[in-house]
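# Geometric and topological summary
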Amino acid sequence: MSYYLGLIVEYLKNYIKTRMTYRADFWVEVISDLLFQATNLIFIFVIFMHTDSLGGWSQGEVVFVYGFFMVPFGVFSCFINLWGFSERYIVKGEMDRVMTRPAHNLFQIFLENVDPPALVGSIIGIVIMAISGSQLGLPFEWWTIPAMLVLTISAVAIYTGIYTALTSLSFYSDAPTGILPLMFNVQGYGRYPVTIYNRAIQVLLTWILPFAFVGVYPASLFLEREEMRNMAFLTPVVGGVFLAIGLTAWNYGVRRYRGAGS
Amino acid sequence: MFSGASAYIDFIRIRFLTMLAYRVNYYTGILIYTLNIGVYYFTWKAIYGGGGELGGFTASQMTTYLAVSWMARAFYFNNLDREISTDIRDGSIAIQFIRPYNYIMVKMMQGFGEGLFRFMLFMIPGMAIAMLLFPVKLPTAPEAWAGFLVMLFFSFLINSQLNVITGLMAFFVENNEGFMRMKRVVVDLFSGLIIPISLFPGWLADIMGFLPFQAITYLPGSVFTGRIQGVGIWHVLGIQVLWFLLLLIPMVLLYRMSRKRLFVQGG
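What counts, and at which threshold
Residues numbered from 1 in each chain as written. Chains lettered and ligands numbered in written order. Predicted model: local features only at pLDDT ≥ 70, side-chain atom pairs only at ≥ 80, totals over all residues. Helix = DSSP H or I, 4+ residues; strand = E, 2+ residues; numbered from the N terminus. Rg over C-alpha atoms; globule rule 2.2 N^0.38 Å. Buried ≥ 20, exposed ≤ 12 C-beta atoms within 10 Å, placed from the backbone. Contact = placed C-beta atoms within 7 Å. UniProt positions renumbered as here; feature names shortened; annotations may be inferred. Expected span 1.5 Å × (residues − 1). pLDDT = per-residue confidence, 0-100. Axes fitted to C-alpha atoms, helices over the stretch in contact; angles between N-to-C directions. Parallel < 35°, antiparallel > 145°, perpendicular 65-115°, else oblique. Left-handed = near helix turned anticlockwise from the far one by under 90°. Core = buried A, V, L, I, M, F, W, Y, C linked by C-beta atoms within 7 Å.

As recorded by an unreviewed UniProt entry, chain B carries the name Daunorubicin ABC transporter permease and is attributed to Paenibacillus vini.

Chain A is annotated in an unreviewed UniProt entry as ABC transporter permease of Paenibacillus vini.

Next comes the structure, spelled out in structure tokens:
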């Protein structure tokens, strides 16, 4: 365990050293992340210019859910970054290098791709939650911060599980799978009240690609929406299950890995 | 300049065949795009509630607009920005520049090969599925079809030009990942894919009228839904052509500059 913690520290040090050489890029990345979040907020604001409620949820509530959504998403994008895995590690053969080292291969890949600027999004998310929460008059209880921590970790586990499972598909097919960028749209749909969708989409976002558990379900705990409370409590379970699925798919895929063949 | 058109046409053919080899990926693509349409369909349904009109769209026009906008994206979308920036970062662009062709032209041709594939195996079947699932109304006027198809081609051109420009930025910033992400978000929002432009607050809609992004989705979508008819089609087509010509300028300038810049780095 302390071996892995030490590795995290070393990789982060290395990251800071390389990134501080290119400070401008760091800020370009932060700004582009923020712009991305801003466009989503614009969508919410424009929608509520034309309606008072979205399936029984007010603008303040939807904005609060969005703020919550940003927190685990920022943590996930910081530590788990599997974009371009297939090109970099399979096609270019870097997976061979990773596998000859003692630490777990997935752990190394996560560390090699850490992206701390993404954490700025989490901070903004907390600010958004604080502002819209106080406007809505939400109470701040003793359990608010512990619940926030548990739900954030669970949501990160869900993201990690889904994306690890999908990325491990590249062990089975050498074709570049264009699935990850497509998921990017889908994951956003869990931050709107899923009850506005039809049954099929609700089931999909709850049990198959459970992105409702990284947005509206856990956030409803703080919003005191009775109808989703049980789903909020279920978040850690879903996190555990999907993380297990992801890691199993990954480890199984790595065993099948034969190298790019050149 | 060497041999001319036939070599470039080969680039279209080769990319088309490459895409065909990986077609399985696009079946998942169709599913996800249908899901995208579904999610926005139900979101707008919740917003419309009883009925009425939003930003000049009836609920039924909105459904058609959504379906055709997402499926048009299935056609015009490509990763030329990523391809170019990868070529620049791993240095293989040096070889490309030595070869007796115009690198940008080659990229556009490859993009078009991909577009042809996407049109036939992604957009058309996707649209058919969307029509089965959602109440999409196809236009009846022949000029709406003709206008839409021509405009769709310009959507592809303008989107690809923006991609090429973003990709070439890799020459000037160490890591243009941020720019590429930013461009993607801006195109999806400001092109009217996520929200039709007429629903934005007036001042914002006015600003977007002066930007090239609306020419990618909003204008062709408006023709397809019949919100723009007759002479109006010529007018919006003119806007697209104008943007196509205007965007040639930064594209060519960046390309010239990048050729010079590459010599410095490689020397």
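Moving on, we come to the overall build of chain B. Looking only at helices and strands, one finds eleven helices and two strands in chain B. Ordered by position in the sequence, the α and β elements of chain B form the string α-α-β-β-α-α-α-α-α-α-α-α-α. Here the C-alpha radius of gyration of chain B, 19 Å, is about what a compact globule of 267 residues would show, namely 18 Å. Projected onto its principal axes, the C-alpha positions of chain B cover 65 × 40 × 35 Å.

Next up on the list: the overall build of chain A. Within chain A, the secondary structure is distributed over twelve helices and zero strands. Ordering the α and β elements of chain A from the N terminus gives α-α-α-α-α-α-α-α-α-α-α-α. The C-alpha atoms of chain A give a radius of gyration of 19 Å, which matches the 18 Å a tight globule of 262 residues would have. Overall size of chain A, expressed as C-alpha extent along the three principal axes, is 60 × 45 × 35 Å. When each of the 262 residues of chain A is scored for burial, the buried share is 37%. Across chain A, the fraction of contacts at a sequence separation of at least 24, relative to all contacts at a separation of at least 6, is 79%.

With that out of the way, let us pick up the UniProt feature "transmembrane region" (unreviewed entry) in chain A. Residues and elements named next belong to chain A. Look at the UniProt record and you will see "transmembrane region" (unreviewed entry) annotated at residues 26-51, 63-85, 106-131, 143-166, 200-219 and 231-252. End-to-end, the C-alpha atoms of residues 26-51 are 38 Å apart, and along that stretch the chain is 92% helix and 0% strand. Along residues 63-85 one finds 78% helix and 0% strand; the C-alpha atoms at either end are 33 Å apart.

Turning our attention to helix α3 (residues 59-76) of chain B. Residues spaced three or four apart along an α-helix face the same direction, because each turn holds 3.6 residues. For α3 of chain B, which comprises 18 residues, the first-to-last C-alpha distance of 26 Å matches the rise-based estimate of 26 Å (1.5 Å per residue) to within 8%. The element α3 of chain B is extensively covered by neighbouring structure, given that 16 of its 18 residues are classed as buried.

What follows is about the confidence of the model for chain B. Confidence along chain B averages 89 in pLDDT terms, with 96% of residues attaining 70 or more. Taken over the whole predicted complex, pTM reads 0.88, whereas the ipTM for its chain interfaces reads 0.85.

Let us look at the interface of chain B and chain A. Contacts between the two partners involve 29 residues from chain B and, on the opposite side, 30 residues from chain A. If you list the elements that add at least two residues to the side of chain B that touches chain A, you get α2 (24-48) and α8 (177-190) of chain B. Top contributing element to the side of chain B that touches chain A by residue count: α2 of chain B, with twelve residues.

In this section: the UniProt feature "transmembrane region" (unreviewed entry) in chain B. Residues and elements named next belong to chain B. Under the UniProt annotation, "transmembrane region" (unreviewed entry) lies at residues 20-42, 54-76, 115-136, 148-173, 185-213 and 233-255. A helix fraction of 91% and a strand fraction of 0% characterise residues 20-42, whose end C-alpha atoms lie 33 Å from each other. Regarding residues 54-76, the helix share stands at 78% and the strand share at 13%, and the terminal C-alpha atoms are separated by 27 Å.

Okay, the environment of R118 of chain B next. Residues and elements named next belong to chain B. Relative to the helices and strands, R118 is located in helix α6 (residues 103-133). Sequence-wise, R118 and G52 are 66 residues apart; in three dimensions their C-alpha atoms are separated by 35 Å. Once residues within four sequence positions are removed from consideration, R118 is found in contact with A74, F75 and M123.

The next subject is the packing of α3 of chain B against α6 of chain B. Each pair of packed helices gets described by two things: the angle between the helix axes and the distance between those axes. Residues and elements named next belong to chain B. Between α3 and α6, the shortest axis-to-axis distance is 7 Å and the interhelical angle comes to 160°. One way to sum up the angle between α3 and α6 is to call them roughly antiparallel. As for how α3 packs across α6, the hand of that crossing is right-handed. In this structure, α3 uses A67, M71, A74, F75 and Y76 to contact α6, whose residues at the interface are G115, R118, F119, F122, M123, G126, M127 and A130.

Turning our eyes to something else, we now look at the environment of T164 of chain A. All names here are of chain A. Residue placement: T164 occurs in helix α8 (residues 144-167). Separated by 31 residues in sequence, T164 and G133 have C-alpha atoms that sit 33 Å apart. Once residues lying within four places of it in the same chain are set aside, the contact partners of T164 are G246, L247, A249 and W250.

In terms of nonpolar packing, the biggest core is built from 136 residues, with I158 and Y159 of chain A together with A67, M71 and F75 of chain B touching the most fellow members. The element that contributes the greatest number of residues to this core is helix α3 (residues 59-79) of chain A, accounting for 13 residues. Apart from the residues within four sequence positions on either side, M71 of chain B is in contact with Y33, M123, G126, M127 and A130 of chain B.

Structurally, the position occupied by V194 of chain A is in the loop between α9 (179-187) and α10 (199-208). For the pair formed by V194 of chain A and M183 of chain A, sequence separation is eleven residues and the distance between their alpha carbons is 17 Å.

Moving on, we come to the packing of helix α4 (residues 80-89) of chain B against helix α7 (residues 142-168) of chain B. Residue and element names in this part refer to chain B. Contact geometry of α4 with α7 gives a least axis separation of 7 Å together with a crossing angle of 25°. Between α4 and α7, the crossing angle belongs to the class labelled roughly parallel. Our pair here, α4 against α7, has a crossing hand that is right-handed. Within the contact between the two elements, α4 uses L80, D81, E83, I84 and S85 and α7 uses S160, N163, V164, T166, G167 and L168.

Looking now at unusual backbone geometry. Across the chain, the bulk of peptide bonds are trans and the bulk of non-glycine residues have phi less than zero. All names here are of chain A. A positive phi angle, near 55°, is found at E224, a position not held by glycine. As for its placement among the helices and strands, E224 is situated in the loop between α11 (216-223) and α12 (229-256). Note on E224: 11 C-beta atoms within 10 Å, which makes it exposed.

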